[in-house]
Each structure stands twice: as C-alpha cells, then as structure tokens.
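Residues per chain, in single letters:
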Amino acid sequence: MGDTVTDETVDTVSGALARAGGTSRLELRLPAGAADDFPAGEVVRLVVDGAECHAELSRTADGQPVVRGAYDTPSLARDPGSAEDRLAAWVVDSGLEAGRTVHVDVVEPGYKYGVRAPGESARYESVAAPSSSLADIARSLDEG
C-alpha cells in the first residue's frame, strides 16, 4: 500500500472543458506547456470523483494534451465503444460545462492523475509507476 497524498502536496495544472470538435461531447484540454507531464498515447490512471479509472492521453490537432474520457479498464480506455465514460458522468454530476476550469493533479507524471472541480480538495493513494518492463508485460496481457 502506498502513501496518501493530497492535492496540496502534488503539482496541479488547470485544464479546461471544451467541446470535442463539432460534437456535444466534452474533453478536458490541458495546458500545452505541461505536455511533458502528459505523454500522448499512454493509458494512465485517472482518479475521478474518488474512483480510480483509466484514460488514454491524446493530443488535439494543434498538439495540446487532452483527455477524452475515463473508463473502468485500460482496454476500455483504448477502445471505449459504448463503455460508460466516468469523466463525462462526473462533469454532469458536478454541474460543469464547456469553458469551465478543472484542476488536474499530477500524482505521478505519466502514470497517475486526479481531476477535481475548482474549490474541491482531494486525497490520492500514491503508488509508484511500475518499471517499464513490467508495464510492457501488463500492456501485452491486456491487449492479448
């Protein structure tokens, strides 16, 4: 079991909820200057409303880091199909909408993050990212 950390003890960036292209779906756009903390193509852990989910980090057409959803498993994060998007449900439940700021806590860069509405606080289980060889094995099992 890892240590518990709070939003006050980790780096936090401010993201913005925005419409994904011409759709009604919302995505969480992260600051371009924080791109190194959000490696595109990686499936990471994302704590949403206290629950640990999985999200694939992407980029917009102009290279801005973005999160387009949070799902129960890494494989659903890669190919969500009709899976429930926990991030979208949290946005609705929190009364947030396009244009609103969302805080993104960087618990472990490239591995674990948390999202929260402005004014909210959060606690996270701090678990170190597995070594790259273990992560590669887990990824191959998940895909296999």
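Below, the structure is looked at part by part. (Residues numbered from 1 in each chain as written. Predicted model: local features only at pLDDT ≥ 70, side-chain atom pairs only at ≥ 80, totals over all residues. Heavy atoms only, no water.)

**Considerations on the packing of aromatic side chains**
Point 1. Using the criterion set out here, one finds 1 aromatic pair in the structure.
Point 2. Ring plane angle 25° and centroid distance 4.7 Å describe the contact between Phe 38 and Tyr 113, whose orientation is recorded as stacked. With Phe 38 in the loop between β3 (26-29) and β4 (43-48) and Tyr 113 in strand β8 (residues 112-116), this pair connects stretches of sequence that are 75 residues apart. You'll find Phe 38 and Tyr 113 in the same group, each marked buried. (Phe/Tyr/Trp six-rings, centres within 6.5 Å; stacked < 30°, edge-to-face > 60°. Helix = DSSP H or I, 4+ residues; strand = E, 2+ residues; numbered from the N terminus. Buried < 20%, exposed > 50% of the residue type's maximum accessible area, 1.4 Å probe, protein only.)

**Here's the deal with the pattern of salt bridges**
Point 1. All chains considered together, the criterion is met by 8 salt bridges.
Point 2. Note that Arg 116 and Asp 7 form a salt bridge whose closest N and O atoms lie 3.6 Å from each other. Residue Arg 116 is found in strand β8, and its partner Asp 7 is found in the loop between β1 (3-6) and β2 (11-19); the two are separated by 109 residues along the sequence.
Point 3. With its nearest N and O atoms 2.8 Å apart, the salt bridge here joins Arg 116 to Asp 105. A residue pair is termed long-range when its members are at least 10 positions apart, and Arg 116 in strand β8 and Asp 105 in strand β7 (residues 101-108) qualify at 11 residues. No difference in accessibility class separates Arg 116 from Asp 105, as the two residues are buried.
Point 4. Within this structure, Asp 7, Asp 105 and Arg 116 form a network of salt bridges that share partners. (Salt bridge = Lys/Arg side-chain N within 4 Å of Asp/Glu carboxyl O.)

**Some details on the nonpolar core**
Point 1. Counting residues in each nonpolar core, the largest one holds 24 residues, and the members touching the most others are Leu 28, Phe 38, Trp 90 and Val 115.
Point 2. Broken down by secondary-structure element, the contributors of at least two residues to this core are β2, β4, β5 (51-59), α2 (86-93), β7 and β8.
Point 3. Discounting residues that sit within four places of it in the chain, Trp 90 has contacts with Val 48, Asp 49, Leu 96, Val 102, Val 115, Arg 116 and Ala 117.
Point 4. Judged by nonpolar contacts, the second largest core, of 6 residues, contains Val 10, Val 47, Val 107 and Ala 122. (Core = buried A, V, L, I, M, F, W, Y, C linked by side-chain atoms within 4.5 Å. Contact = heavy atoms within 4.5 Å.)

The analysis is restricted to geometry; functional conclusions fall outside its scope.
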